[in-house]
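Here is what each chain is made of, one letter per residue.
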Amino acid sequence: MADWRGFWRPRSLRYEFGRDDPDAYYDGWLDVPGVWRELLGPLGEPSGRRWVPSLYDPGTDRSSRAPRQEAPDDAVLVLAGSFLLKDDVRWGLDAVVHLSTSPAAIRRRVPAHDADRVVGAWERYVAEDDPAGTATAVLRCEDPRHPAELLRE
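The following paragraphs examine the structure supplied in this document. (Residues numbered from 1 in each chain as written. Predicted model: local features only at pLDDT ≥ 70, side-chain atom pairs only at ≥ 80, totals over all residues. Heavy atoms only, no water.)

## Side note on the overall build of the protein chain
Then step 1. Each helix and strand counted, the protein chain has 7 helices and 9 strands in total.
Then step 2. Whereas a compact globule of 153 residues would reach a radius of gyration of roughly 15 Å, the protein chain reaches 16 Å, a difference of no more than 12%.
Then step 3. Over its C-alpha atoms, taken along the principal directions, the protein chain stretches across nearly 45 × 45 × 25 Å.
Then step 4. Here the protein chain displays about 9,100 Å² of accessible surface, and carbon together with sulfur accounts for 53% of that area.
Then step 5. Averaging the positions of the 21 positive and the 27 negative side-chain charges in the protein chain gives two centres separated by 5 Å. (Helix = DSSP H or I, 4+ residues; strand = E, 2+ residues; numbered from the N terminus. Rg over C-alpha atoms; globule rule 2.2 N^0.38 Å. Areas by Shrake-Rupley, 256 points an atom, 1.4 Å probe, with all protein chains shown as cover. Lys, Arg positive; Asp, Glu negative; His and termini not counted. Charge placed at Lys NZ, Arg CZ, Asp CG, Glu CD.)

## Overview of the nonpolar core
A general trend in soluble globular proteins is that nonpolar side chains are found buried together.
Then step 1. Among the nonpolar cores identified, the biggest contains 30 residues, and Y25, L30, L39 and F83 are the most heavily contacted of them.
Then step 2. Among the secondary structure elements, those contributing two or more residues to this core are α2 (22-28), α3 (32-44) and α6 (112-129). (Core = buried A, V, L, I, M, F, W, Y, C linked by side-chain atoms within 4.5 Å. Buried < 20%, exposed > 50% of the residue type's maximum accessible area, 1.4 Å probe, protein only.)

## Re the sheet that holds strand β7 (residues 97-100)
Strands pair in a sheet through their backbones, by hydrogen bonds, and they do so in one of two ways: parallel or antiparallel.
Then step 1. In spatial order, the strands read β7-β8-β9; together these 3 strands make up an open sheet with mixed pairing. The strands lining the two open edges of the sheet, one partner per strand, are β7 and β9 (148-150). Geometrically, the sheet is characterised by an average inter-axis angle of 35° between neighbouring strands, direction not taken into account.
Then step 2. Two strands pair when backbone bridges link them, and β7 and strand β8 (residues 137-140) are joined in this way by 4 bridges, in the parallel orientation. What sits directly across from S100, in β8, is R140. (Pairing = 2+ DSSP bridges. Axes fitted to C-alpha atoms, helices over the stretch in contact; angles between N-to-C directions.)

## Things to note about the pattern of salt bridges
Close approach of charged atoms lets side chains of opposite charge pair.
Then step 1. Applying the stated criterion to the full structure yields 14 salt bridges.
Then step 2. The shortest N-O distance in the salt bridge between R5 and D3 comes to 2.7 Å.
Then step 3. When its relative accessible area of 42% is taken as the criterion, R5 is described as partly exposed.
Then step 4. R140 is paired through a salt bridge with E142; the nearest N and O atoms lie 3.1 Å apart.
Then step 5. Here R140 falls in the partly exposed class, since its relative accessible area comes to 30%.
Then step 6. Judged by its relative accessible area of 26%, E142 falls in the partly exposed class.
Then step 7. Three or more residues joined by partner-sharing salt bridges are found here, namely D23, D27, R124 and E128. (Salt bridge = Lys/Arg side-chain N within 4 Å of Asp/Glu carboxyl O.)

In short, geometric facts, not functional conclusions.
Following this line, the structure appears as structure tokens:
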């Protein structure tokens, strides 16, 4: 299991254009080369896979210093996070579950001071990257305790 927050860039880079900028959140918070170099690339190798579950600890704003781990050949990676169906990430993933969420549901779940940034970035993501059309499966997730599968025709 890996979480996208473990691959965020340092706070000074994330907040370069202000803490509330939805475009900076969408385009610049995730260290995409780091995800490929330390996580997706090594786990895509046929054998001898040594991967790092995180590069960064956003709580301390420092390197996580997570040790490399061995992955068996039949390992399955669960990578959780936002915007993972953007072009620069999605082509490395075999199967993806997209959690479809309305802006109102997002506003209910994130702190008020983050809502405009998160909702703005989410709306751009949905419009530009069509995650529901790209994902292997889509769950409607207005309430995380009661997700509902969306069936495709």
